[in-house]
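An overview of the molecular structure
Residues per chain are reported as follows:
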Amino acid sequence: MEKEIYQIPKVKLGNYGLEVSRVGLGCAGLSGFLNAPISHEDGSALIKEAFYKGVTFFDTSDKYGNHDNEIMLGKAMKQLPRDKVQLATKFGFVMLENGEFEIKGDAEYVRKCCEASLKRLDVEYIDLYYQHRVDTSVPIEETMGELKNLVNEGKIKYVGLSEASSDTIKRAHAVHPVTALQMEYSLWSRDIEEEIIPLCRQLGIGMVAYSPLGVGFFAGKAVVESLPAGSFLAQVHPRFKQENIEKNKVLYIRLADLSKKHGCTPPQLALAWLLHQGDDIVPIPGTTKIKNLNNNIGSLALTLREEDIKEISDAVQVNEVCGSREVPFLAKYTWRLANTPPK
């Protein structure tokens, strides 16, 4: 007897045919991003649990866990119906011998990465293939041209970009439709609202929101639960540095007070606020715990009125947030700087 699949709504991601669950699952944390990695067995179990609760959109990258995350997700996929899963992965980060990295987007590298990801995931096609960050030394037309070739060959179905500038998005879209743009978007990271979101809506591009809980802040990281000693967040992320977290705590407290009013948890209210920004915006919260997975899915049950959305927005005003959203080593790859040379 087949296990019951819950009915989480499906939405169109962009105007080009891709449908995904209203909430996805970001898989980076399963391989140790911001926390200790979990085993492939436990990771597969969580992915399967998410699927049977109606989450069908899974997001990974060849960078996560140094390829290990794709292998883990591939193992889970063997236990799920392939045609009911929307699998997204990314390319672009090249690790160097000195421990640093560079971004690559030339045609040869795009193809090499795609074929390697297909092998690690052990699938015949990737539903949504993103350029993880923009290579500002290569014309975007070259990168998109090769992605278009991969679509024509059936190796990928849809093309995505991440942290791309307006000019890069428009030039890329002229070569081949961009189905989705993945950007950081949350209550305390709203810098895409004035320029990027309107452009995507004009072009029919869906929006995938990464770090929708503010890298865990609105789930209580560094406020309700202490960060582990030597935590990446405390050491590297500007908003979690001691002098900033003390000031940012007030934002969490305000959200927590409002969540009591709505009879939900703070992360549920933060996700509900994001879900109410439009059906074309799909958050991909990540977790390693079933309890948090259930909590995140529960955000779909919340209905907010316009006055509620305004009250939440006013409680977490962006100009009150202390610290940059970007960790120092990624700052030069932010969307505002992601222009490429002319073809």
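Described in the following lines is the structure provided in the data block. What you are looking at is a predicted structure, and each value in this text was computed from that prediction instead of being measured.

So, the sheet that holds strand β12 (residues 281–283)
Judged by pairing direction, the sheet is parallel, and its 8 strands sit side by side in the order β3-β4-β5-β8-β9-β10-β11-β12 without closing on themselves. Each end of this open sheet is capped by a strand with a single partner; those strands are β3 (25–26) and β12. Pairing between β3 and strand β4 (residues 57–59): 2 bridges, direction parallel. Bridging from a neighbouring strand, Leu 25 pairs with Phe 58 of β4.

Description of unusual backbone geometry
Backbone geometry places His 67, a non-glycine residue, at a positive phi of 85°. Positionally, His 67 belongs in the loop between β4 and α2 (68–77). The backbone phi angle of Ser 211 is positive, close to 50°, even though this residue is not glycine. Mapped onto the elements, Ser 211 comes out in the loop between β11 (206–210) and α7 (232–236).

Quick look at helix α6 (residues 196–203)
Along α6, the residues classified as buried are Ile 196, Ile 197, Leu 199, Cys 200 and Leu 203. Projected down its long axis, α6 shows its buried positions confined to an angular sector of 160°, all on one face. Just downstream of α6 lies Gly 204, where phi reads positive at about 75°.

A closer look at the side chain of Ser 61
Checked against the element boundaries, Ser 61 lands in the loop between β4 and α2. Residues within four places of Ser 61 in sequence aside, it is in contact with Glu 70, Thr 89, Lys 90 and His 132.

Focus: the packing of aromatic side chains
Under the defined criterion, the tally for this structure stands at 12 aromatic pairs. Seen from their ring centres, Phe 217 and Tyr 252 are 6.2 Å apart, and the 80° between their planes marks the pair as edge-to-face. You can see Phe 217 sitting in the loop between β11 and α7 and its partner Tyr 252 sitting in helix α8 (residues 242–262), a full 35 residues away along the chain. As far as the burial class goes, Phe 217 and Tyr 252 line up, both buried. Across the ring face of Phe 93, the terminal group of Lys 63 is positioned such that the distance to the ring centre comes to 5.0 Å. Across from the ring centre of Tyr 125, 4.5 Å away, lies the NZ or CZ of Lys 157, which sits over that ring.

Focus: empty space enclosed by the protein
Taken as a whole and assessed by the stated rule, the structure comprises 2 cavities of 30 Å³ or more. Roughly 40 Å³ of internal volume is contained in the largest cavity. Residue composition of the lining of the largest cavity, grouped by class: 6 nonpolar, 3 polar and no charged. When its volume is computed, the second largest cavity comes out at roughly 30 Å³. Val 134, Thr 136, Glu 163, Lys 332, Tyr 333, Thr 334, Leu 337 and Ala 338 are the residues that line the second largest cavity. Residues that form the lining of the second largest cavity fall into these classes: 4 nonpolar, 2 polar and 2 charged.

Quick notes on the nonpolar core
Core analysis: the biggest nonpolar cluster contains 88 residues, and Phe 58 and Leu 181 have the highest contact counts within it. When near neighbours in sequence (up to four residues on either side) are disregarded, Leu 181 contacts Leu 161, Ser 162, Ala 164, Ile 169, Ile 196, Cys 200, Ile 205, Gly 206, Met 207 and Val 208. In this structure, Phe 57, Tyr 130, Tyr 210 and Ile 284 belong to the second largest nonpolar core, which totals 14 residues.

Looking at helix α1 (residues 40–52)
Look at α1: 18 Å from first C-alpha to last across 13 residues, which is about the 18 Å you get at 1.5 Å a residue. Within the span of α1, buried status applies to His 40, Gly 43, Ser 44, Leu 46, Ile 47, Ala 50, Phe 51 and Tyr 52. Where α1 is buried, its residues touch β3, β4, α2 and α10 (290–298). Immediately beyond the C-terminal end of α1, within one or two residues, lies Gly 54, with a positive phi of roughly 105°.

Calculation criteria
- Residues numbered from 1 in each chain as written.
- Predicted model: local features only at pLDDT ≥ 70, side-chain atom pairs only at ≥ 80, totals over all residues.
- Heavy atoms only, no water.
- Pairing = 2+ DSSP bridges.
- Helix = DSSP H or I, 4+ residues; strand = E, 2+ residues; numbered from the N terminus.
- Buried < 20%, exposed > 50% of the residue type's maximum accessible area, 1.4 Å probe, protein only.
- Arc of directions from axis to C-beta.
- Contact = heavy atoms within 4.5 Å.
- Phe/Tyr/Trp six-rings, centres within 6.5 Å; stacked < 30°, edge-to-face > 60°.
- Lys NZ or Arg CZ within 6 Å of the ring centre and 35° of its normal.
- 1 Å grid on protein atoms, 1.4 Å probe; cavity = no way out; pocket = protein on both sides within 12 Å on 5 of 7 lines; lining within 4 Å.
- Points joined across faces, edges and corners; volume = space filled by probe spheres on them.
- Nonpolar A, V, L, I, M, F, W, Y, C, P; charged D, E, K, R; others polar.
- Core = buried A, V, L, I, M, F, W, Y, C linked by side-chain atoms within 4.5 Å.
- Expected span 1.5 Å × (residues − 1).

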